[in-house]
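# Commentary on secondary and tertiary structure
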Amino acid sequence: GTAILATEKALNGRSLAGLRHVQEGLKGVPVVSELHAMSPEVGAGEMAIAYLAPIQERGLVGVLVVWVRASALWALVAEGNEKAGAKSFSVLFDHFGVRIAHSYNQDIIFHPAGALDPATLNAMVAERRFGERTRQLLEAPRAFPEQFDRARAPAPGREIFRGFAPVNQQWNVGVARRLASLPWTLFYMIPEQSLNALTEDLV
């Protein structure tokens, strides 16, 4: 789990064995990490996703890791803002029910949509998943039960649902879709008021 060659020189010689995604990669399987805080030596306060591929030669001899800064993901999600009508938005959750991207509101990112169980919360705090503020963020849910339950479910369902969103303090309707390569769930929401206006225009 020790970095022996890195483009970020500060990582050379540093043990990364304590990171959950490195532990998984050392088992010899490809891994895509959760969104997490980068090492302070590399990018204090920056978030990233790690892609890990095992290096095999008569057994596992190492792991290649490529980190992608979260700003690329956030820019992609932001492109979907208001694509379904006025004030519609998208939000991406990990499989714990924590928001990891939002199309227009960065302040709500890293807040779960419901209360996390103590074991899950403490594990994220121990690995400093969101940096120094991990506990503070995770212990301050922005409640949206309908999204929380779907993000944590084995499959989120494809039906339209309704819920009260903390981000705009309105009733919204939306749909959920699970990503193909990761257990993350993308929600696309539109305020009920905006949807009703579209219907009224049609009538």
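Quick summary incoming for the structure in this document. (Residues numbered from 1 in each chain as written. Predicted model: local features only at pLDDT ≥ 70, side-chain atom pairs only at ≥ 80, totals over all residues. Heavy atoms only, no water.)

### What about the overall build of the protein chain?
Helices and strands together make up the secondary structure of the protein chain, namely seven helices and nine strands. The principal-axis extents of the C-alpha atoms in the protein chain amount to approximately 70 × 35 × 30 Å. Burial status across the protein chain gives 41% buried among its 203 residues. Restricting the contact set of the protein chain to residue pairs at least 6 apart, pairs at least 24 apart contribute 46%. Put simply, the protein chain shows about 11,000 Å² of open surface, and 57% of that area lies on carbon and sulfur atoms. (Helix = DSSP H or I, 4+ residues; strand = E, 2+ residues; numbered from the N terminus. Buried < 20%, exposed > 50% of the residue type's maximum accessible area, 1.4 Å probe, protein only. Contact = heavy atoms within 4.5 Å. Areas by Shrake-Rupley, 256 points an atom, 1.4 Å probe, with all protein chains shown as cover.)

### Digging into the sheet that holds strand E9 (residues 185-191)
Picture the strands of a sheet paired through backbone hydrogen bonds; they go either parallel or antiparallel. Spatial strand order, E6-E5-E9-E8-E7: five strands in an open sheet with antiparallel pairing. The open sheet has two free edges, formed respectively by strand E6 (99-102) and strand E7 (161-165), since each of these has just one partner strand. Sheet twist, expressed as the mean angle between neighbouring strand axes with direction ignored, is 35°. Here strand E5 (residues 89-93) runs beside E6; their pairing, made up of three bridges, is antiparallel. When the sheet's bridge partners are listed, Leu92 is paired in E6 with Ala101. Contacting E5 and E6, helix H3 (residues 70-78) crosses the sheet at an angle of about 55° to E6. Contacts from helix H7 (residues 192-202) reach E7, strand E8 (170-178) and E9 within the one sheet, and its direction differs from that of E9 by about 60°. (Pairing = 2+ DSSP bridges. Axes fitted to C-alpha atoms, helices over the stretch in contact; angles between N-to-C directions.)

### Topic: the environment of Pro30
One can find Pro30 in the loop between helix H1 (20-25) and strand E1 (31-32). Along the sequence, Pro30 and Pro54 sit 24 residues apart, while their C-alpha atoms lie 6.3 Å from each other. Once you skip the residues sitting within four places of it in the chain, Pro30 turns out to touch Leu52 and Pro54.

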